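# Notes for the structure review
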Amino acid sequence: MAKDDKATRLEAIRQKILDDDPTPELRQGATQLVFADGNPDAEIVFIGEAPGKNEDLQGKPFVGAAGKFLDQMLEMIGLQRKDIYITNIVKYRPPNNRDPLPEEKSAFLPYLESQLEVMQPLVTVTLGRHSLNCFLPDLQISQVHGQPKRFQLHFHGRSGDHGVDAVQGDDEHLTEAYESTKKEGAESATRQRAANAGRVAGSAGKQDSMSMVLLPLFHPAAALYNGAMKQTLIDDFALIPAIIEKIKTS
Ligand code: URA
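Attention here is on the structure that accompanies the text. What you are looking at is a predicted structure, and each value in this text was computed from that prediction instead of being measured.

The calculated volume of the largest pocket comes to roughly 540 Å³. Around the largest pocket sit 30 residues that line it, and Glu49, Ala50, Ala66, His219 and Ala221 are the ones nearest its centre. The set of elements that each furnish at least two residues to the lining of the largest pocket consists of α3 (53–58), α4 (65–76), α6 (129–135) and α11 (220–224). Taken together, the residues that form the lining of the largest pocket break down as 15 nonpolar, nine polar and six charged.

Quick look at the structure:
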């Protein structure tokens, strides 16, 4: 899909959130919608939780302290914001930065899935437990951080089922580490990405599911003031180039 095409389709998703108004209460308490930032043609997508105060004021995700830490880690692996695409599950700031409610995450999930369908990322990096558990609800961030997972994302917006808890496929093997699925001779991520893209292009975006490689990381805001977690996050982050390389060459 051409870059402009992706930008246009992403803009249509942003507009649809404004039109649908999926969480009127959150919208009323927020300054503005915080949709996404970065490059629509990026191979890596980062997904956080919800905007905080600075994001709400500026209309961009991860522009506060956690965002600055994220930028430092990106720089460490030779990347900048313009090389990635970044968004949140919930697109309006929850009052007083409280955790997003299950129904708020459910309300925004179809739009997040649509963003991923357009982006077709090589790797999707989830930041924190909310983001991980949106896709793989049975996994614990403390146990799986830094371990890439391949799984099949079933689009809830299509089926009419917007439940977050039902996202994971019923096959246990879908949550296995990317390495082990590869050994079993699973279709390579690069080929699956191409196949996904073909299905999107060929079916006017009406695919039911897509294959994804997800990398769960700790949330930079949680790690910022916790020395041990901070170092773990930095170490996990450093794995990103090798993971991408492995996917590309598999
Ligand atoms: N934390 C998030 O999860 N998202 C942001 O955009 C900022 C902080």
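A separate point is the site of the ligand. Close to the ligand lie Gly48, Glu49, Ala50, Pro51, Glu55, Pro61, Phe62, Asn88 and His219, which account for all nearby residues. One nitrogen or oxygen atom from the main chain of Phe62 is found 3.0 Å from an oxygen atom belonging to the ligand. Here Asn88 contributes a side-chain N or O atom positioned 2.8 Å from a nitrogen atom of the ligand. Its atoms largely coinciding with the cavity grid, the ligand occupies the largest pocket. Classifying every residue of the shell around the ligand gives four nonpolar, three polar and two charged.

This paragraph deals with unusual backbone geometry. Despite not being glycine, Phe62 shows a phi value in the positive range, around 50°. Within the fold, Phe62 resides in the loop between α3 and α4.

This paragraph deals with the pairing of strand β3 (residues 85–88). Judged by which residues are buried, β3 turns out to be covered on both faces: Tyr85 and Thr87 on one side and Ile86 and Asn88 on the other are all buried. Relative to β3, strand β1 (residues 36–38) runs antiparallel, the two sharing three bridges. Residue pairing for β3: Asp37 is matched across the bridge by Ile86.

Bringing α4 into the picture now. Note that an α-helix has 3.6 residues per turn; residues three or four places apart therefore point the same way. In a regular helix each residue adds 1.5 Å, so 12 residues correspond to 16 Å; α4 covers 17 Å between its end C-alpha atoms and thus fits that length. Within α4, the full set of buried residues consists of Ala66, Gly67, Phe69, Leu70, Met73 and Leu74. The buried residues of α4 occupy one face: seen down the axis, they fall within an arc of 160°. Facing away from the buried side of α4 by over 90 degrees, the exposed positions are Lys68, Gln72 and Glu75. Contact partners of the buried residues in α4: β2 (44–48), β3, β4 (123–127), α11 and α12 (227–237).

When you line up the elements, Lys82 lands in the loop between α4 and β3. For Lys82, a relative accessible area of 53% corresponds to the exposed category. Between the alpha carbons of Lys82 and Asn39 there is a distance of 5.4 Å; along the sequence they are 43 residues apart.

Side chains bearing opposite charge may pair, as long as their charged atoms lie close to each other. The final tally for this structure, using the stated rule, is 10 salt bridges. Close ionic contact of Asp99 with Arg129 constitutes a salt bridge, the shortest N to O distance being 3.2 Å. With Asp99 in the loop between β3 and α5 (102–119) and Arg129 in helix α6, this residue pair connects regions lying 30 residues apart in the sequence. Owing to a relative accessible area of 44%, Arg129 belongs among the partly exposed residues under this scheme. In the salt-bridge network here, residues are joined through shared partners; they are Asp37, Asp71 and Arg81.

Parameters at a glance
Residues numbered from 1 in each chain as written. Predicted model: local features only at pLDDT ≥ 70, side-chain atom pairs only at ≥ 80, totals over all residues. Heavy atoms only, no water. 1 Å grid on protein atoms, 1.4 Å probe; cavity = no way out; pocket = protein on both sides within 12 Å on 5 of 7 lines; lining within 4 Å. Points joined across faces, edges and corners; volume = space filled by probe spheres on them. Helix = DSSP H or I, 4+ residues; strand = E, 2+ residues; numbered from the N terminus. Nonpolar A, V, L, I, M, F, W, Y, C, P; charged D, E, K, R; others polar. Near = heavy atom within 4 Å. Polar contact = N/O pair within 3.5 Å; in protein donor to acceptor, adjacent residues only side chain to side chain. Sits in = over half its atoms within 2 Å of the grid points. Buried < 20%, exposed > 50% of the residue type's maximum accessible area, 1.4 Å probe, protein only. Pairing = 2+ DSSP bridges. Expected span 1.5 Å × (residues − 1). Arc of directions from axis to C-beta. Contact = heavy atoms within 4.5 Å. Salt bridge = Lys/Arg side-chain N within 4 Å of Asp/Glu carboxyl O.

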